[in-house]
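The residues making up each chain are set out below.
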Amino acid sequence: MQKDTLVFDLLKKELERQRNGIELIASENFTSYQVMQAMGTVPTNKYAEGYPGKRYYGGCEVVDEIETLAIERLKKVFNASWANVQPHAGAQANVAVFLACLKPGDKILGLDLSMGGHLTHGSPANFSGKNYQALSYGVSKETGLVDYDQLESIARKEKPKMIICGASAYSRDWDYKRIRAVADEIGALVMADIAHPAGLIAKGLLNDPFDHCHIVTSTTHKTLRGPRGGIIMLRHDFDNPLGIKDPKGNIRSMSSCLDLAVFPGMQGGPLEHVIAAKAVAFGEILTDEFKAYGEQIIKNAQAMAASFVKRGYNLISNGTDNHLMLIDLRNKNITGKKAQETLDKAHITLNKNAVPFDDKSPFVTSGIRVGVPAITTRGMNEGHMETVVSMIDKVLMDTDNEATITTVKNDVYAFMKQFPLYPELG
Ligand SMILES: *Cc1c(COP(=O)(O)O)cnc(C)c1O
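All values derive from a computational prediction rather than experimental measurement.

**Student:** Go over the overall build of the protein chain, please, and point to the residues and values.
**Tutor:** A count of helical and extended segments in the protein chain gives 15 helices and 15 strands. For the protein chain, the C-alpha atoms occupy an extent of roughly 75 × 60 × 35 Å along the three principal directions. Counting all 426 residues of the protein chain, 55% fall into the buried class. Considering only contacts within the protein chain whose residues lie at least 6 apart along the sequence, 72% involve residues at least 24 apart. Split by element, the accessible area of the protein chain, about 18,300 Å² in all, is 52% carbon and sulfur. Charge-centre separation for the protein chain: the mean point of 48 positive side chains lies 2 Å from the mean point of 49 negative side chains.

**Student:** Describe the packing of aromatic side chains, listing the residues and the values that go with them.
**Tutor:** Pairs of aromatic rings are described using the distance from one ring centre to the other and the angle between the two planes. Following the criterion strictly, the structure yields ten aromatic pairs and no others. Summarising the aromatic geometry, the rings of Phe 308 and Tyr 313 are spaced 5.2 Å apart at their centres and angled 80 degrees between planes, so their arrangement reads as edge-to-face. Judged by relative accessible area, which is 4%, Tyr 313 ranks as buried. Put simply, the rings of Phe 98, Phe 127 and Tyr 132 touch in pairs and so form one group of aromatic residues. When the ring centre of Phe 8 is taken as origin, the NZ or CZ atom of Lys 3, which lies over that ring, is 4.5 Å away. The side chain of Lys 332 reaches across the aromatic face of Tyr 313, ending 4.4 Å from its centre.

**Student:** Provide a residue-level description of the pattern of salt bridges, including the pertinent values.
**Tutor:** With the rule as written, the count across this model stands at 24 salt bridges. Between Arg 178 and Glu 152 there is a salt bridge, and its shortest N-O distance comes to 2.8 Å. Of this pair, Arg 178 sits in helix α7 (residues 176–186) while Glu 152 sits in helix α6 (residues 148–158), and the two are 26 residues apart along the sequence. Using a relative accessible area of 30% as the deciding quantity, one classes Arg 178 as partly exposed. One salt bridge in this structure joins Arg 235 and Asp 208, with 3.0 Å as the shortest N-O distance. Placement of Arg 235 in the loop between β10 (230–234) and α9 (254–266) and of Asp 208 in the loop between α8 (198–202) and β9 (215–219) is noted, with a sequence separation of 27 residues between them.

**Student:** Kindly report on the domain arrangement of the protein chain, identifying the contributing residues and their values.
**Tutor:** The domain boundaries assigned to the protein chain delineate domain 1 (34–285) and domain 2 (296–425). With 22 residues of domain 1 at the contact, the number on the domain 2 side is 23 residues. Remark: the boundary between domain 1 and domain 2 carries one salt bridge. Taking the shortest distance from any N to any O, the salt bridge between Asp 321 and Arg 172 comes out at 2.8 Å. Our enumeration of links across domain 1 and domain 2 arrives at twelve residue pairs in polar contact (both at pLDDT 80 or more). Looking at the side of domain 1 that touches domain 2 residue by residue, the classes come out as ten nonpolar, eight polar and four charged.

**Student:** Mind laying out a nonpolar patch on the surface, listing which residues take part and the relevant values?
**Tutor:** Nonpolar side chains collect at one region of the surface, where Leu 6, Val 7, Phe 8 and Leu 11 lie side by side and expose about 400 Å² of accessible area between them. Examined against the element boundaries, Leu 11 turns out to sit in helix α1 (residues 5–20).

**Student:** Can you break down the site of the ligand residue by residue, with the values?
**Tutor:** Around the ligand lies a shell formed by Ala 89, Gly 90, Ala 91, His 118, Ala 167, Ser 168, Asp 193, Ala 195, His 196, Thr 219, His 221 and Lys 222. One nitrogen or oxygen atom from the main chain of Ala 91 is found 2.8 Å from an oxygen atom belonging to the ligand. Within the side chain of Ser 168, one N or O atom sits 2.8 Å away from an oxygen atom of the ligand. When isolated, the ligand has an accessible area of 380 Å², and the protein chains bury 85% of it. Here the residues of the shell around the ligand sort into four nonpolar, six polar and two charged.

Procedures and definitions
Residues numbered from 1 in each chain as written. Predicted model: local features only at pLDDT ≥ 70, side-chain atom pairs only at ≥ 80, totals over all residues. Heavy atoms only, no water. Helix = DSSP H or I, 4+ residues; strand = E, 2+ residues; numbered from the N terminus. Buried < 20%, exposed > 50% of the residue type's maximum accessible area, 1.4 Å probe, protein only. Contact = heavy atoms within 4.5 Å. Areas by Shrake-Rupley, 256 points an atom, 1.4 Å probe, with all protein chains shown as cover. Lys, Arg positive; Asp, Glu negative; His and termini not counted. Charge placed at Lys NZ, Arg CZ, Asp CG, Glu CD. Phe/Tyr/Trp six-rings, centres within 6.5 Å; stacked < 30°, edge-to-face > 60°. Lys NZ or Arg CZ within 6 Å of the ring centre and 35° of its normal. Salt bridge = Lys/Arg side-chain N within 4 Å of Asp/Glu carboxyl O. Domains from an automatic or database assignment. Polar contact = N/O pair within 3.5 Å; in protein donor to acceptor, adjacent residues only side chain to side chain. Nonpolar A, V, L, I, M, F, W, Y, C, P; charged D, E, K, R; others polar. Patch = residues over 30% accessible without salt bridge, like charges linked within 9 Å, V, L, I, M, F, W, Y side chains within 5 Å. Near = heavy atom within 4 Å.

Dropping the structure here:
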């Protein structure tokens, strides 16, 4: 077969884009070379519907070993008693939990999308808001912190079946214990979606949700630095709340209901090549090197936040506990959209983001979200943050000047030369 140069040339172009730019999208990262190698392998050819030892197809003995290894390593990473590594992405992990725990029309309570929550936590545009009655809590206008008083009062009044914590644009840690206390009062389940800070939680650098939240979901490609994918975990198993029974008439455990919700509930064949890459990534997370990576993420985020504050930028909650920060640009008279588009031209990639109580549309926004996991993987330390912020500031203070943008673009290019990415790829 002729080599598809059209596609492979584009892939080469994307590699160069990743190498030459400063990647500040908080949900992105660079996997190790071996994680990528595992992903591009032969299990992509294999159908393996079901679970290790209980498949609907023959020839699964090797993928059974791969998936079992991924599960066992993941359990070790989070000190969990059960895990499912099949969800194709973070959204799918959440779909499976809802399917296993809720009936259509049940009430759920999650952080408002416009305050940092995720689409799958009850947005009207998403399955979570279409199939369930979605209620939301927010953050305090004064402090930018989750308004736990509001969460508790809505929970007591509305009695949702499930309370969801976790976010996509929240720079502070969570009080899981407090959320569990109100959930116990009203008989609700608590789901923690740790898609963003999972890598920091894995190494004990943030509060541990597992003893307080019944179910924990995550992506594998953000701070966990694995392949694109999703996972579901339990530390403590329990009877499923819908009273679903097995063929013998016994109430099924939550773990067994979650397995059934992933397959056959909402997915077909698992991506065993991606599961192999997940296993490689989980192995990497278990090392001390990954702990050092997590610690560096926090140091870099702190240094970057301080550098922005020094230049008069307004950070929501005035800082960060984790890998990201949310910046309100209104005092700088720039919209999030304009900031994103202009920085993009200088090869600095980040995303526009609504800030709490934003007066602009989600397509424009008043803010930007900035994250350090990817640049930390590239090898930057806290000493480099001042340089990165000064380049961002230079562009944002002169957004209509093409000469400034070109100067910064050249500076970015020269600066990134010292942080090689995938040298194995030539
Ligand atoms: C990123 C994210 C997800 C969804 O992940 P996908 O892999 O994009 O489906 C779910 N929840 C939260 C909180 C996220 O930040």
